[in-house]
Amino acid sequence: MMRIQNKIIHRPDDSTLYEDAASLGHLLVKSLSEAGDKIMLICGLTGQKLSAIDLLNNSIKYARAMTAAGIQPGDVVSIVSENSFEFAFIMFGSILLNCALAPINNSYGMSEMEHAMKLSKPKIIFVSAAMSKQVVNVAKSLSFVQKIVLINDVPWSDESTMTLRDFLNPKALNVVKFAPRAVERSKTVCLIMCSSGTTGLPKGVQISQANIVVTIRHVNSSENSILAKVNVGDGEVVVLGLLPLFHVFGAAVMICTMASASGCIVLLPKFEEKTFL
């Protein structure tokens, strides 16, 4: 991160913070394990709180379930949903497996959604109730989609879907062991984000684990960083999480804050004036 001192622009700090992490997953496990009972996520609607160790355990649970479903490192995992704890579990479960997460804008129409899926080619798609029928209809014509997991209960059924309850079936998880694997971070895709489509249809932007680690470093590594006391004061850092997690800004805030255990996020499903106020 550039810094300005006495009207002089200085180059970024030559920090090596987090450089020893064998993968972003290793960094996540270390930070959340050390944070323990520290509250990391709060649901802005219900007030439900989630500690660092609960976030880690749930993320590992999802990683094991993905492994049981045949998802392997390097595969693409997609999610179409509003912000939620489940979104975070899926995001970090994918990171722990060294998969690429391709979140899709949950306000897309069917043609936009089909285009986004064809860009990233996910093997598994997690979808919330509001967009479930639309995702199922689009995915039926896409041979690379192997599973669709319904995050919420819906009043209809389809043979191409499975419930989150079945996906997290303890019998399937009991036979799966998990440990984060070392990777070459600069060559391991962490996120595939859709661009805004200013010049046409959205494009798939690949962000590596190395990119994310550098961002985490810039957020935390020096007295001039975003979370330095001069910027946020001496108290606990609390972030209002109303940016959509399918957007690179929202995703980066979530990953950087959780992987460094540097603050707590109050998570809102989406921006609504009454809820926000």
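The residue numbering used here restarts from 1 in each chain and proceeds along that chain's sequence as written. Under the rules for a predicted model, residues below a pLDDT of 70 receive no local features and side-chain atom pairs below 80 are neither given nor counted, while totals for whole chains, interfaces and linings still include all residues. To obtain the side-chain values, all non-hydrogen atoms of the structure were used and water was disregarded.

A closer look at the packing of helix 3 (residues 85–96) against helix 10 (residues 248–259)
Inclusion rule: Simply put, an axis is a line fit to the C-alpha atoms, just over the touching stretch for a helix, and the angle between two N-to-C directions goes from 0 to 180 degrees. Only DSSP runs of H or I with at least four residues qualify as helices, and only runs of E with at least two residues qualify as strands; both kinds are numbered from the N terminus onward. Oblique is the label for every angle not falling under 35 degrees (roughly parallel), over 145 degrees (roughly antiparallel), or within 65 to 115 degrees (roughly perpendicular). Here a crossing is taken to be left-handed if its near helix is turned anticlockwise relative to the far helix by less than a right angle, and right-handed if that turn runs clockwise. Every residue pair with non-hydrogen atoms within 4.5 Å of one another is taken to be in contact.
It is the contact of helix 3 with helix 10, at a shortest axis distance of 12 Å, that shows an interaxial angle of 70 degrees. Here helix 3 is positioned roughly perpendicular relative to helix 10, judged by the angle of their axes. As for how helix 3 packs across helix 10, the hand of that crossing is right-handed. For the pair helix 3 and helix 10, the contacting residues are A88, M91, F92 and I95 in the first and A251, M254, I255 and M258 in the second.

A short note on the nonpolar core
Buried together is how nonpolar side chains tend to be arranged in soluble globular proteins. Keep this limit in mind: Only buried residues count toward a nonpolar core. Its members are Ala, Val, Leu, Ile, Met, Phe, Trp, Tyr and Cys residues joined through side-chain atoms within 4.5 Å. Each residue's exposure class comes from its accessible area (1.4 Å probe, protein chains only) as a fraction of the maximum for that residue type: buried when under 20%, exposed when over 50%, partly exposed otherwise.
One finds F92, F126, F167 and M254 to be the most contacted residues of the largest nonpolar core, which totals 60 residues. Here F126 is in contact with M66, V77, S78, I79, V80, I90, V149, I151 and F167, once residues within four sequence places are set aside.

Considering a nonpolar patch on the surface
Applicable threshold: Patch membership requires over 30% relative accessible area and the absence of a salt bridge. Like charges are linked within 9 Å, and nonpolar side chains (Val, Leu, Ile, Met, Phe, Trp, Tyr) within 5 Å. Residue exposure ignores everything except the shown protein chains as possible cover, and the areas themselves are Shrake-Rupley values with a 1.4 Å probe. Just to be clear on terms, a salt bridge is a Lys or Arg side-chain nitrogen sitting within 4 Å of an Asp or Glu carboxyl oxygen.
Together, L243, V248 and F249 line one region of the surface with nonpolar side chains, adding up to about 260 Å² of accessible area. Here L243 is to be found in the loop between strand 12 (238–241) and helix 10. For L243, a relative accessible area of 35% corresponds to the partly exposed category.

Concerning the environment of S141
So the rule is basically this: Any pair of N or O atoms that falls within 3.5 Å is considered a polar contact. Within protein, one atom must be able to donate a hydrogen and the other to accept it, and sequence-neighbouring residues count only if both atoms are side-chain atoms.
Along the chain, the position of S141 falls in the loop between helix 5 (132–139) and strand 8 (147–150). Engagement of the side chain of S141 in a polar contact is seen with the backbone oxygen of V138, the distance being 3.1 Å.

Here we look at the pattern of salt bridges
Evaluation of the coordinates by the stated rule reveals nine salt bridges. The shortest N-O distance in the salt bridge between K30 and E34 comes to 3.0 Å. Taken as a pair, K30 and E34 lie in helix 1 (residues 24–35) at a separation of four residues, close to a single helical turn. Note that K140 is salt-bridged to D158, the shortest N-O span being 3.3 Å. Taken together, the positions of K140 in the loop between helix 5 and strand 8 and D158 in the loop between strand 8 and strand 9 (161–163) put the pair 18 residues apart, joining distant regions of the chain. Residue K140 is classed as exposed on the basis of its relative accessible area of 54%. One connected set of salt bridges, linked through shared partners, spans E19, R185 and R217.

Digging into empty space enclosed by the protein
Heads up, the condition is: Site definitions follow a grid-based scheme: protein atoms alone, a 1 Å grid, a 1.4 Å probe that fits but cannot get out for cavities, and for pockets an open set with protein on both sides within 12 Å along at least five of seven lines, plus lining residues having an atom within 4 Å of a point. Grid points are joined across faces, edges and corners, and a volume is the space filled by probe spheres set on the points. Only Asp, Glu, Lys and Arg are considered charged, only Ala, Val, Leu, Ile, Met, Phe, Trp, Tyr, Cys and Pro nonpolar, and every remaining residue, Gly among them, polar.
Within this structure, the stated rule accounts for two cavities of 30 Å³ or more. Reported here for the second largest cavity is a volume of approximately 30 Å³. Lining the second largest cavity are A102, I104, A116, L119, S120, I192, C194 and G204. For the lining of the second largest cavity, the secondary structure elements donating two or more residues are helix 4 (110–120) and strand 10 (189–194). Element by element, the count of residues in the lining of the second largest cavity is highest for helix 4, at three residues. Across the lining of the second largest cavity, the residue classes break down as six nonpolar, two polar and no charged.

Things to note about helix 3
Rule in force here: A helix's residues, less one, multiplied by 1.5 Å, set its expected span.
When the terminal C-alpha atoms of helix 3 are compared, their 16 Å separation across twelve residues agrees well with the 16 Å that a helix rising 1.5 Å per residue should span. Among the twelve residues in helix 3, eleven count as buried, and that is most of the element. Taken together, the buried positions of helix 3 are occupied by F85, F87, A88, F89, I90, M91, F92, G93, S94, I95 and L96. Positive backbone phi, approximately 60 degrees, marks N98, located one or two places after helix 3.

Examining the pairing of strand 12
Spelled out, the test is: Here, any two strands with at least 2 DSSP bridges between them count as paired. Classification remark: right-handed applies to a crossover when, strands pointing away from the viewer, the course from the first strand over the helix to the second runs clockwise.
Sheet topology places strand 12 next to strand 13 (residues 264–267); four bridges connect them, and they run parallel. Counterpart to V239 in the pairing with strand 13 is I265. In this fold, strand 12 hands off to helix 10, which returns the chain to strand 13; that crossover is right-handed.

Side note on helix 2 (residues 52–68)
Under the 1.5 Å per step criterion, the end-to-end length of helix 2 is 24 Å for 17 residues, consistent within 8% with the ideal 24 Å. With its phi angle positive at about 95 degrees, G70 sits one or two positions after the end of helix 2.

Details of the sheet that holds strand 12
Here we have four strands laid out as an open sheet, ordered 4-3-13-12, and mixed in their pairing. Strand pairing shows two members of the sheet lacking a second neighbour, strand 4 (49–51) and strand 12, which therefore form its edges. Sheet twist, expressed as the mean angle between neighbouring strand axes with direction ignored, is 20 degrees. Sheet strands in contact with helix 10 are strand 3 (39–43), strand 12 and strand 13, and its direction is about 145 degrees off that of strand 13.

Brief notes about the environment of L191
Relative to the helices and strands, L191 resides in strand 10. For L191, a relative accessible area of 1% translates into the label buried. In this structure, the C-alpha to C-alpha distance between L191 and N211, residues 20 residues apart in sequence, is 9.9 Å. Beyond its immediate sequence surroundings of up to four residues, L191 is in contact with L101, V205, Q206, I207, I212, A251 and I255.

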